[in-house]
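Letter by letter, the chains look like this.
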Amino acid sequence: MKILLLVAGTFVLASIARADDHGPVFGYATPVNSQQEVSCDTGVFGRNGTRGTQLSTGTGCGYGITPHLTFSAFLPAAFGNGSLPESRLMPGGEWTAGASWRFLHSVTSVGKRIESTASLGIVVPGPQQDSGVFARLHREPGVAGWLASGYASRSQYLWFGGGYTSFAARAQDRRPDTISWSGVYGYRPVKLRRGYDQWDYRGFAELTGEHTGNVRSGGALLANSSTSSVWLGPSVLAIFKDVAIEGGAQAPLYRDASESLYGRERVRFALNFSYLRFSAHNTSR
Amino acid sequence: MKKTVAYFAFFASTLTAHAEYRHVDLTVFGMDCAPCAHAIHVSMKGIPGVHTVEVDLNTGLVSVGLNSGSSASIRQFNEAVERNGFTHKDATIVATGKITGTAAAPFFEVSGTEDRFALQPAAAPSDLAKLLGKTVTISGTLPLAPRGKVPDTLRYTSIAEAQ
């Protein structure tokens, strides 16, 4: 079973930038799985614009090799056609897989921790055809790296993260490199700081931003295909022991994208369900 | 007060017991959410002999009760915390075992395990010379040891010969 999960985590592909099961739904966060913990996510992620709505659903799983190293994989399926710009924060039709390493972990008081996590993954085009500008491109895999740091306590959460994704070229076509970043603040009111056998709620304000480079098509850069955007919105996370439900929506604060190429993206939304299976296995006496 | 009574009851119940840990309390650092506590709960319950686990997220206190005859070791409790990415402070224990060594340098061996601790009084010292070689029930504190290590000293608060 362990080998199967490892193989799946290494070779199957996915959206591992976000720690959906434990943190914000749009932004980068630091949590990784416990040793031998299996986490599974399934959800719906949507982007709506003037050219339609693009939905992505799928299932992702993570496995904790050690308390600080997690392999993850996510296999999405996309529905609808929004002709929207490239995004690495919102899942599309790409399969991704990779590993997250929590290289800084400071836990020196009750209920608080400061940590930083680095992740590296591969992004592979799924079997589904892209829409809009990307429908005409030959597709090749890419590499994604991201870094997140944060503070978590019983009352407050604060995470910052940034990532970069670069795709290989094929037949003189190339998807744009993407820079993504996020800042997330979370709060749990006093009344909700309850026992672990009760529902645990947190509210987040999620600020995200992305810049995509120009699309290369047939050896030439497509004019005005570079985009920049900043998004802000609330999300709520509810957890009971080993299940979590989270949802949120974002609206654009800033948008610089060619409307003739991409239309006008108006809203992003997400609803995610997670199951966390912790291990009771004990290794020594 | 409730806790003192519970401890006393536990302590009294172990006077006729075998050698083992009967109760372990750990203050765990870094747990901020329900899944953190659930992970600790599942890990502790996975240790053979553990019958109750209570986790308080607001104080970080993890309270573990063990069955009579348990052979669980302190390393297993430490690992249950560390495998979930947390750390803990001192551990407060109630355990039954044998006093070995000498009156000047006594040790406490938790039978059924490989755990052996040098004894130091937390307050007024007991007369350990008369307990040498005997099975006792002891309560005390195991100080924090470096990650992956087991403490080598037990600061006892009470000690009594087991019947």
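Bear in mind the structure is a predicted one, so any value in this text is a computation, not a measurement.

Cut-offs and rules
Residues numbered from 1 in each chain as written. Chains lettered and ligands numbered in written order. Predicted model: local features only at pLDDT ≥ 70, side-chain atom pairs only at ≥ 80, totals over all residues. Helix = DSSP H or I, 4+ residues; strand = E, 2+ residues; numbered from the N terminus. Rg over C-alpha atoms; globule rule 2.2 N^0.38 Å. Buried ≥ 20, exposed ≤ 12 C-beta atoms within 10 Å, placed from the backbone. Contact = placed C-beta atoms within 7 Å. Pairing = 2+ DSSP bridges. Axes fitted to C-alpha atoms, helices over the stretch in contact; angles between N-to-C directions. Core = buried A, V, L, I, M, F, W, Y, C linked by C-beta atoms within 7 Å. Nonpolar A, V, L, I, M, F, W, Y, C, P; charged D, E, K, R; others polar. Expected span 1.5 Å × (residues − 1). pLDDT = per-residue confidence, 0-100.

K.L.:
Sorry, what's going on with the overall build of chain A here?
P.N.:
Check the secondary structure of chain A and you find two helices and 14 strands. Relative to the compact-globule value of 19 Å for 285 residues, chain A shows a C-alpha radius of gyration of 19 Å, a close match. By its C-alpha atoms, chain A is 60 × 40 × 30 Å across when sized along the principal axes. The buried share of chain A, reckoned over its 285 residues, is 47%. Sequence separation of at least 24 residues holds for 66% of the intrachain contacts in chain A that already meet a minimum separation of 6.

K.L.:
Sorry if this is basic, but what is going on with the overall build of chain B here?
P.N.:
Across its full length, chain B carries three helices and eight strands. Going from the N terminus to the C terminus, chain B shows its helices and strands as α-β-α-β-β-α-β-β-β-β-β. Residue burial in chain B is summarised as follows: out of 163 residues, 44% are buried. Within chain B, contacts between residues separated by at least 24 positions form 66% of all contacts whose residues are at least 6 apart in sequence.

K.L.:
For this particular structure, what's the right way to read the pairing of strand 1 (residues 20-29) of chain B?
P.N.:
Consecutive residues of a regular strand have side chains that alternate between opposite faces of the sheet. Residue and element names in this part refer to chain B. Across eight bridges, strand 1 lies against strand 4 (residues 87-101) in antiparallel orientation. Along strand 4, the bridge assignment pairs His-23 with Val-94. Bridge count for strand 1 against strand 3 (residues 61-66) is five bridges, and the pairing is antiparallel. Its bridge partner being in strand 3, His-23 is matched across the sheet by Gly-65.

K.L.:
I would appreciate a short explanation of the sheet that holds strand 9 (residues 200-212) of chain A in the present structure.
P.N.:
Sheet strands line up and pair through hydrogen bonds in the backbone, either parallel or antiparallel. All names here are of chain A. Reading around the barrel, the 12 strands line up as 1-2-3-4-5-6-7-8-9-12-13-14 and close back on themselves, with antiparallel pairing between neighbours. Each neighbouring strand pair of the sheet contributes to a mean axis angle of 20°, computed without reference to strand direction. With 12 bridges joining them, strand 1 (residues 38-49) and strand 14 (residues 265-277) adopt antiparallel strand pairing. Among the inter-strand pairings, Val-44 is bridged to a residue of strand 14, identified as Leu-271.

K.L.:
What is the right way to read the environment of A:Ala257 from this model?
P.N.:
Within the fold, A:Ala257 resides in the loop between strand 13 (243-256) and helix 2 (259-262). Once residues lying within four places of it in the same chain are set aside, the contact partners of A:Ala257 are A:Pro85, A:Thr227, A:Ser229 and A:Tyr262.

K.L.:
I tried to follow the nonpolar core on my own but got confused; where do I start?
P.N.:
In terms of nonpolar packing, the biggest core is built from 62 residues, with B:Ala37, B:Ile40, B:Met44 and B:Val64 touching the most fellow members. With seven residues, helix 2 (residues 34-45) of chain B is the largest single contributor of residues to this core. What B:Val64 contacts, discounting residues up to four positions off in sequence, is B:His23, B:Val24, B:Met44, B:Val50, B:Val53 and B:Phe77. Counting residues in hydrophobic clusters, the runner-up holds seven residues, among them A:Phe45, A:Leu89, A:Met90 and A:Ala270.

K.L.:
Looking at this structure, how should I read unusual backbone geometry?
P.N.:
Residues and elements named next belong to chain A. One non-glycine residue with positive phi stands out, namely Ala-171, at about 50°. Looking at where Ala-171 falls in the secondary structure, it is placed in the loop between strand 7 (156-167) and strand 8 (178-187). Accessibility expressed as a C-beta count within 10 Å gives 11 for Ala-171, which makes it exposed. The phi dihedral of Lys-241 falls on the positive side, at around 55°, and the residue is not glycine. Tracing the backbone through its elements, the reader meets Lys-241 in the loop between strand 12 (227-240) and strand 13. A residue is classified by how many C-beta atoms lie within 10 Å of it, and Lys-241, with 19 of them, is partly exposed.

K.L.:
Is there a simple way to explain the interface of chain A and chain B in this structure?
P.N.:
Listed as interface residues are 33 residues of chain A and, on the opposing side, 31 residues of chain B. If one sorts the elements of the side of chain A that touches chain B by residue count, strand 4 (residues 95-109) of chain A sits on top with four residues. A class-by-class count of the residues in the side of chain A that touches chain B yields 10 nonpolar, 14 polar and nine charged.

K.L.:
Can you walk me through helix 2 of chain B in this structure?
P.N.:
Since the α-helix turns once every 3.6 residues, residues separated by three or four places project in the same direction. Residues and elements named next belong to chain B. The end-to-end C-alpha separation of helix 2 is 16 Å, in line with the 16 Å expected for 12 residues at 1.5 Å each. Among the 12 residues of helix 2, 11 are classified as buried, and the element is accordingly described as predominantly covered. The set of residues buried in helix 2 consists of Ala-34, Pro-35, Cys-36, Ala-37, His-38, Ala-39, Ile-40, His-41, Val-42, Ser-43 and Met-44.

K.L.:
I would appreciate a short explanation of the confidence of the model for chain A in the present structure.
P.N.:
Predicted coordinates in regions of low pLDDT should not be interpreted in detail. Here chain A averages 87 in pLDDT, and 91% of its residues register 70 or above. Confidence drops under pLDDT 50 across residues 1-20 of chain A; counting only partners more than four residues distant or on other chains, this segment forms 63 contacts.

K.L.:
Sorry, what's going on with the confidence of the model for chain B here?
P.N.:
Residue and element names in this part refer to chain B. Mean pLDDT for chain B: 86, with 88% of residues reaching 70 or above. Taken element by element, the predicted model of chain B shows its lowest mean pLDDT in helix 1 (residues 2-13) (49) and its highest in strand 3 (96). Across the interfaces of the predicted complex, the ipTM metric reaches 0.78, alongside a pTM of 0.84.

K.L.:
Teacher, can you tell me more about the pairing of strand 2 (residues 52-66) of chain A here?
P.N.:
Residue and element names in this part refer to chain A. Bridging between strand 1 and strand 2 involves 12 bridges; their strand directions are antiparallel. Bridged to Arg-47 within strand 2 is Gln-54. Between strand 1 and strand 2, which pair antiparallel and follow one another directly, the connecting turn spans two residues. Summarising the sheet, strand 2 and strand 3 (residues 69-79) pair through 11 bridges and their orientation is antiparallel. By the bridge assignment, Leu-55 is partnered in strand 3 with Phe-79. A loop of two residues connects strand 2 with strand 3, the two strands running antiparallel in sequence.

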